[in-house]
Amino acid sequence: MQSKLDLTQVLARLKQVVMAVGAMQKANLGRQNLTIATKSTGIDLVTEIDRQSEQTIIAFLQEHYPDHSILAEESGLTAHVSDYTWIIDPLDGTTNYAQGLPVFAISVALQYRQETVLALVYAPVIDQLFTAIKGQGAYLNGRRITVSTKTELIDCVLATGFPYDIATHPANNIPYFSHIVVQARAVRRLGAAAYDLACVAAGLFDGYWEMQLAPWDAAAGILLVKEAGGQVVHFRQDRGVSIIAANTVICSILEEQIRQIS
């Protein structure tokens, strides 16, 4: 059995490498000769900066925590017999990044025996650092944050996204979006799930739903929302990680609206 980590110390170390990676991403944003490739579909992109960012974070983790497992978006699972698993999205919002749009984030979560105990989401361009340790609250640049207190959908600014197989799969969020968008104050689509969830934790969005996410999209953001006093509900089991995140009242309302369509 492995000994428990000092998560405060772990977070302090992690901040340094993630902010350095963020500075590199920011410096390369809008570069004309950026290498871009596709993955699962023609709209699922990866850039050289995704890979460079991931390699830097993994090298840091392997140096400091060599016995831990790592699940990363671009390189998959590096498995050890370990109670600890790191879940990494080195550049969440790759399509934005490839386009030169400044909305993207680095997402890192640490799980202990399959429970997320530490989360960090960093948006480099606007220098927003969201952090959480299980049981200790959620923070934005060191200031404690809480989810929105709104209780009516018409007052809410929500966030959502669409899966990469939107053109070929009927469960593509369009029916949910069409149903909810006319009932809310606004629905935003930023294109970075980890950042969307972090914004829910900070009350910048009043709620969020999305389907067909991967663990690295959502692991850190889910802990941030919960530690900020919010709720996360899994609303379908057949489309990857499909979640609603908000305060308990808005979460219940969104779940009911989605159930009406489902």
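Residues numbered from 1 in each chain as written. Predicted model: local features only at pLDDT ≥ 70, side-chain atom pairs only at ≥ 80, totals over all residues. Heavy atoms only, no water.

**Let's talk about the UniProt feature "binding site: Mg(2+)" (unreviewed entry) in the protein chain**
Thinking step 1. Annotation from UniProt places "binding site: Mg(2+)" (unreviewed entry) at Glu 73, Asp 89, Leu 91, Asp 92 and Asp 217. These annotated residues cover 145 residues of sequence, and their C-alpha atoms lie no more than 9.8 Å from one another, placing them together at a single site. In the annotation above, Glu 73, Asp 89, Leu 91, Asp 92 and Asp 217 are the residues that line the largest pocket.
Thinking step 2. If you trace the backbone, Asp 89 turns up in strand β5 (residues 84-92).
Thinking step 3. Relative accessible area serves as the criterion here: at 0%, Asp 89 is assigned to the buried category.
Thinking step 4. Once you skip the residues sitting within four places of it in the chain, Asp 89 turns out to touch Glu 73, Ala 105, Ile 106, Ser 107, Trp 216 and Asp 217.
Thinking step 5. Within the local environment of Asp 89, its side chain forms a polar contact with the backbone nitrogen of Asp 92, the two atoms lying 3.5 Å apart. (UniProt positions renumbered as here; feature names shortened; annotations may be inferred. 1 Å grid on protein atoms, 1.4 Å probe; cavity = no way out; pocket = protein on both sides within 12 Å on 5 of 7 lines; lining within 4 Å. Helix = DSSP H or I, 4+ residues; strand = E, 2+ residues; numbered from the N terminus. Buried < 20%, exposed > 50% of the residue type's maximum accessible area, 1.4 Å probe, protein only. Contact = heavy atoms within 4.5 Å. Polar contact = N/O pair within 3.5 Å; in protein donor to acceptor, adjacent residues only side chain to side chain.)

**Observations regarding the nonpolar core**
Thinking step 1. With 43 residues, the main nonpolar core has Val 121, Phe 130, Tyr 208, Leu 224, Val 225 and Ile 243 as its most contacted residues.
Thinking step 2. Each of domain 1 (7-144) and domain 2 (153-260) gives at least three residues to this core.
Thinking step 3. Look past the residues within four positions of Phe 130 in its chain and what remains in contact with it is Ala 119, Leu 120, Val 121, Tyr 139, Leu 140, Ile 145, Tyr 195, Ala 198, Ala 202 and Leu 224.
Thinking step 4. Counting 33 residues, the second-largest nonpolar core is a separate cluster that includes Trp 86, Ile 88, Val 117 and Leu 118. (Core = buried A, V, L, I, M, F, W, Y, C linked by side-chain atoms within 4.5 Å. Domains from an automatic or database assignment.)

**Things to note about the domain arrangement of the protein chain**
Thinking step 1. In terms of domain boundaries, the protein chain breaks down into domain 1 (7-144) and domain 2 (153-260).
Thinking step 2. Taking only C-alpha atoms into account, the centre of domain 1 sits 21 Å from that of domain 2.
Thinking step 3. In this complex, domain 1 contributes 37 residues to the contact, which on the side of domain 2 involves 20 residues.
Thinking step 4. When domain 1 packs against domain 2, close to 2,100 Å² is buried across both sides, 70% of that on carbon and sulfur atoms.
Thinking step 5. For the domain 1 face of the interface with domain 2, the top three residues by lost area are Asp 92, Val 121 and Phe 130, together amounting to 21%.
Thinking step 6. The tally of links between domain 1 and domain 2 comes to 0 salt bridges.
Thinking step 7. Our count for the domain 1 to domain 2 interface comes out at 7 residue pairs in polar contact (both at pLDDT 80 or more).
Thinking step 8. Those elements that place two or more of their residues in the side of domain 1 that touches domain 2 are β3 (69-72), β5, β6 (105-112), β7 (115-123), β8 (128-133) and β9 (138-140).
Thinking step 9. Broken down by element, the residue count for the side of domain 1 that touches domain 2 peaks at 7 residues, all from β7. (Buried area = accessible area lost by both parts, 1.4 Å probe. Salt bridge = Lys/Arg side-chain N within 4 Å of Asp/Glu carboxyl O.)

**Observations regarding the sheet that holds strand β10 (residues 143-145)**
Thinking step 1. Taken in spatial order, the 8 strands line up as β4-β3-β5-β6-β7-β8-β9-β10 in an open sheet, and their pairing is mixed. This sheet does not close on itself; its edge strands, each paired only once, are β4 (76-78) and β10. Sheet twist, expressed as the mean angle between neighbouring strand axes with direction ignored, is 20°.
Thinking step 2. Note that β3 and β5 share 4 bridges and pair parallel. Looking across to β5, one finds that Ala 72 is bridged to Ile 88.
Thinking step 3. Lying on the sheet, helix α6 (residues 215-227) is in contact with β3, β5, β6, β7, β8 and β9; it crosses β7 at an angle near 100°. (Pairing = 2+ DSSP bridges. Axes fitted to C-alpha atoms, helices over the stretch in contact; angles between N-to-C directions.)

**Here's the deal with the pairing of strand β11 (residues 157-160)**
Thinking step 1. Of the two faces of β11, the one holding Val 157 and Ala 159 and the one holding Leu 158 and Thr 160 are both buried throughout.
Thinking step 2. Across 3 bridges, the pairing between β11 and strand β12 (residues 186-188) is parallel. Paired with Val 157 across the bridge in β12 is Ala 186.
Thinking step 3. Traced from β11 through helix α4 (residues 174-181) to β12, the parallel crossover comes out right-handed.
Thinking step 4. Both β11 and strand β13 (residues 207-213) contribute to a ladder of 3 bridges, which runs parallel. Looking across to β13, one finds that Leu 158 is bridged to Gly 207. (Right-handed = clockwise from strand over helix to strand, strands pointing away.)

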